[in-house]
Amino acid sequence: MKTLTVALPGRSYEILIQRGLLAQAGAHCRKALPRASRLFVVTDSNVGPLYLERVRAGLEGAGFQVTAHTVPAGEGSKCAGQLSELWEAMMAAGLTRTDAVVALGGGVVGDLAGFAAATVLRGVDFVQMPTTLLSQVDSSVGGKVAIDLHHGKNLAGAFWQPKLVLMDPDTLDTLDDQTFADGMAEVVKYGCIKDAAFFDFLAARLSRGELMAEIEHILYTCCDIKRGVVERDERDTGERMLLNFGHTLGHAYELAGHYETWSHGQAVAAGMCAAAKLGVRLGVTPAEVPPRLEGVLSALGLPTAISCTAEDYAAAVGLDKKGAGDSISVILLDKLGHAVPHKMPKAELLEELT
Ligand code: GLY
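Heads up: these notes are all about the structure in this document. (Residues numbered from 1 in each chain as written. Predicted model: local features only at pLDDT ≥ 70, side-chain atom pairs only at ≥ 80, totals over all residues. Heavy atoms only, no water.)

1. Observations concerning the packing of helix α10 (residues 247-256) against helix α13 (residues 310-317)
Piece 1. Orientation of α10 relative to α13, taken along the N-to-C sense of each, is 130 degrees, at an axis distance of 8 Å. One element, α10, and the other, α13, form an angle in the oblique class. Along this stretch, α10 crosses α13, giving a crossing that reads as right-handed. Contacts from Thr248, Leu249, His251, Ala252, Tyr253, Leu255 and Ala256 in α10 reach Asp312, Tyr313, Ala315, Ala316 and Val317 in α13. (Axes fitted to C-alpha atoms, helices over the stretch in contact; angles between N-to-C directions. Helix = DSSP H or I, 4+ residues; strand = E, 2+ residues; numbered from the N terminus. Parallel < 35°, antiparallel > 145°, perpendicular 65-115°, else oblique. Left-handed = near helix turned anticlockwise from the far one by under 90°. Contact = heavy atoms within 4.5 Å.)

As structure tokens, then:
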């Protein structure tokens, strides 16, 4: 088993990575949650039928009383209505302040269940059991939990660190190729921003089979990079913003497709390529970076460019909002494996992009 510790004052936790780990969830949760007697497991209509009974049996075997709650699969569940239903269901189940919430699923379940845990009874413990590549390498680590509002994604949330993250790479076997590729966009991002050797490692094995043969190493490397960033900047005021490489422009593509045409991973892939080319134009990024990045992402089945309007770019950089500030820190690469914030006037950024 590969183990990482996210060391934060008074709220450190372990990330455990191992094939078949879901079957051992009971023993690991018992160790991480010594006071809990009841666990409220949140899952979704795709993941529940695959893994819920296995997880429930393990948790009950470790002496927990288990209540399960299934939300419809999809981003639409990250909403105030589902959050409110979760709070009520938690109270109906008799959840107390010493009990805990378990998020079994991808990023939507982790964000929703984590925010419910952060707020119910003024905050109870929670465990992340991420089942998609995207949630394993990104959203399950670092304590950002949130729901979407009509005004945009993740607009109501909290920093609420889990007590434990259990990652079972076997859960990736049931992902369709598109969902696997979405996660790979974030995996490649870690190589771009922090680890050129990891980028080269990925570039040498771009089929799903080759990547799955090394999946524990890949998950460990991504989570180790994120661990370090979160330890140094938990509240996202400095270094953590580097994790947004490709995301600002990616947001414009998500907007352009009304969050339907392009998945988050696809938008981030094209956003990273656009940011790499922007960096070259601004004299920050070496010219060889965009073609290398595009080569890797297209081999993974991800788009390297998405067209969008000036209005979508303006909305993504906040130029459409009054009083949102005149400049923006866009994340660029000054070399492959090293990201830097680059502050520039929003109007200038918009001119560069359109
Ligand atoms: N997903 C970016 C972060 O956790 O900061």
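Read on, since the account is not over.
2. Concerning the site of the ligand
Piece 1. Around the ligand, the neighbouring residues are Asp138, Lys144, Lys226, Arg240 and Leu243.
Piece 2. Lys226 has a polar side-chain atom sitting 2.6 Å from an oxygen atom of the ligand.
Piece 3. About the coverage of the ligand: the protein hides 86% of its 200 Å² of free accessible area.
Piece 4. Taken together, the residues of the shell around the ligand break down into 1 nonpolar, no polar and 4 charged. (Near = heavy atom within 4 Å. Polar contact = N/O pair within 3.5 Å; in protein donor to acceptor, adjacent residues only side chain to side chain. Areas by Shrake-Rupley, 256 points an atom, 1.4 Å probe, with all protein chains shown as cover. Nonpolar A, V, L, I, M, F, W, Y, C, P; charged D, E, K, R; others polar.)

3. Topic: the sheet that holds strand β5 (residues 100-105)
Piece 1. Pairing is mixed across the open sheet formed by 7 strands, whose spatial order is β1-β2-β9-β6-β5-β3-β4. Looking along the sheet, the strands with just one partner apiece sit at the ends: β1 (2-6) and β4 (65-71). Within the sheet, the average angular offset between the axes of one strand and its neighbour, ignoring direction, is 15 degrees.
Piece 2. Note: strand β6 (residues 125-130) against strand β9 (residues 164-167), 2 bridges, orientation parallel. Among the inter-strand pairings, Gln128 is bridged to a residue of β9, identified as Val165.
Piece 3. On the sheet, helix α9 (residues 215-232) packs against β1, β2 (13-17) and β9 and is oriented at approximately 10 degrees with respect to β1. (Pairing = 2+ DSSP bridges.)

4. Concerning the packing of helix α6 (residues 177-194) against helix α7 (residues 196-203)
Piece 1. Two elements in contact, α6 and α7, have axes separated by 6 Å at closest approach and are oriented at 140 degrees. In this view, α6 runs oblique relative to α7, as classed from their interaxial angle. Residue-level inspection shows Met184, Val187, Val188, Tyr190, Gly191, Cys192 and Lys194 of α6 in contact with α7, the latter providing Ala196, Phe198, Phe199 and Leu202.
Piece 2. Residue classes in the contact of α6 with α7 are distributed as 9 nonpolar, 1 polar and 1 charged.

5. Regarding the pairing of β4
Piece 1. When strand β3 (residues 38-44) meets β4, the two strands line up parallel, connected through 7 bridges. What sits directly across from Leu39, in β4, is Val66.
Piece 2. Assessed by its sense of winding, the connection that carries the chain from β3 through helix α2 (residues 48-61) to β4 is right-handed. (Right-handed = clockwise from strand over helix to strand, strands pointing away.)

6. Some remarks on the pairing of strand β11 (residues 338-345)
Piece 1. With 8 bridges connecting them, strand β10 (residues 327-335) and β11 associate as antiparallel partners. Paired with Leu333 across the bridge in β11 is Ala339.
Piece 2. Turn length for the β10-β11 hairpin, with the two strands adjacent in sequence and antiparallel, is 2 residues, and the turn residue Gly337 shows positive phi of about 100 degrees.

7. Looking at the environment of Leu149
Piece 1. Along the chain, Leu149 falls in strand β7 (residues 144-149).
Piece 2. For Leu149, a relative accessible area of 39% translates into the label partly exposed.
Piece 3. With 69 residues separating them in the primary sequence, Leu149 and Ala80 have C-alpha atoms 7.5 Å apart. (Buried < 20%, exposed > 50% of the residue type's maximum accessible area, 1.4 Å probe, protein only.)

8. With respect to the nonpolar core
Piece 1. By size, the foremost hydrophobic cluster in this structure holds 74 residues, and its most contacted members are Ile15, Leu133 and Val188.
Piece 2. Of all the elements, helix α11 (residues 264-281) adds the most residues to this core, at 10 residues.
Piece 3. Beyond its immediate stretch of four places on either side in the chain, Val188 contacts Phe199, Leu202, Met272, Leu293, Val296, Leu297 and Leu300. (Core = buried A, V, L, I, M, F, W, Y, C linked by side-chain atoms within 4.5 Å.)

9. Regarding helix α4 (residues 107-119)
Piece 1. Along its 13 residues, α4 runs 18 Å from first to last C-alpha, staying within 8% of the 18 Å computed at 1.5 Å per residue.
Piece 2. Counting buried positions along α4 yields 11 of 13 residues, so the element is predominantly enclosed.
Piece 3. The set of residues buried in α4 consists of Val108, Val109, Gly110, Asp111, Leu112, Ala113, Gly114, Phe115, Ala116, Ala117 and Ala118.
Piece 4. Backbone geometry just after α4 places Leu121 at a positive phi near 55 degrees. (Expected span 1.5 Å × (residues − 1).)

10. Things to note about the pattern of salt bridges
Piece 1. Applying the stated rule across the entire model yields 19 salt bridges.
Piece 2. Note that Lys189 is salt-bridged to Glu186, the shortest N-O span being 2.9 Å. Of the two residues, Lys189 and Glu186 are both situated in helix α6; the distance of 3 residues between them amounts to about one turn of the helix.
Piece 3. With relative accessibility at 1%, the residue Lys189 sits in the buried group.
Piece 4. Close ionic contact of Lys277 with Glu294 constitutes a salt bridge, the shortest N to O distance being 3.0 Å. Here Lys277 is found in helix α11, whereas its partner Glu294 is found in helix α12 (residues 289-299), with 17 residues between them in sequence.
Piece 5. Residue Lys277 is classed as partly exposed on the basis of its relative accessible area, which comes to 36%.
Piece 6. Connected through shared salt-bridge partners, Glu75, Lys78, Asp111, Asp148 and Lys153 make up one network. (Salt bridge = Lys/Arg side-chain N within 4 Å of Asp/Glu carboxyl O.)

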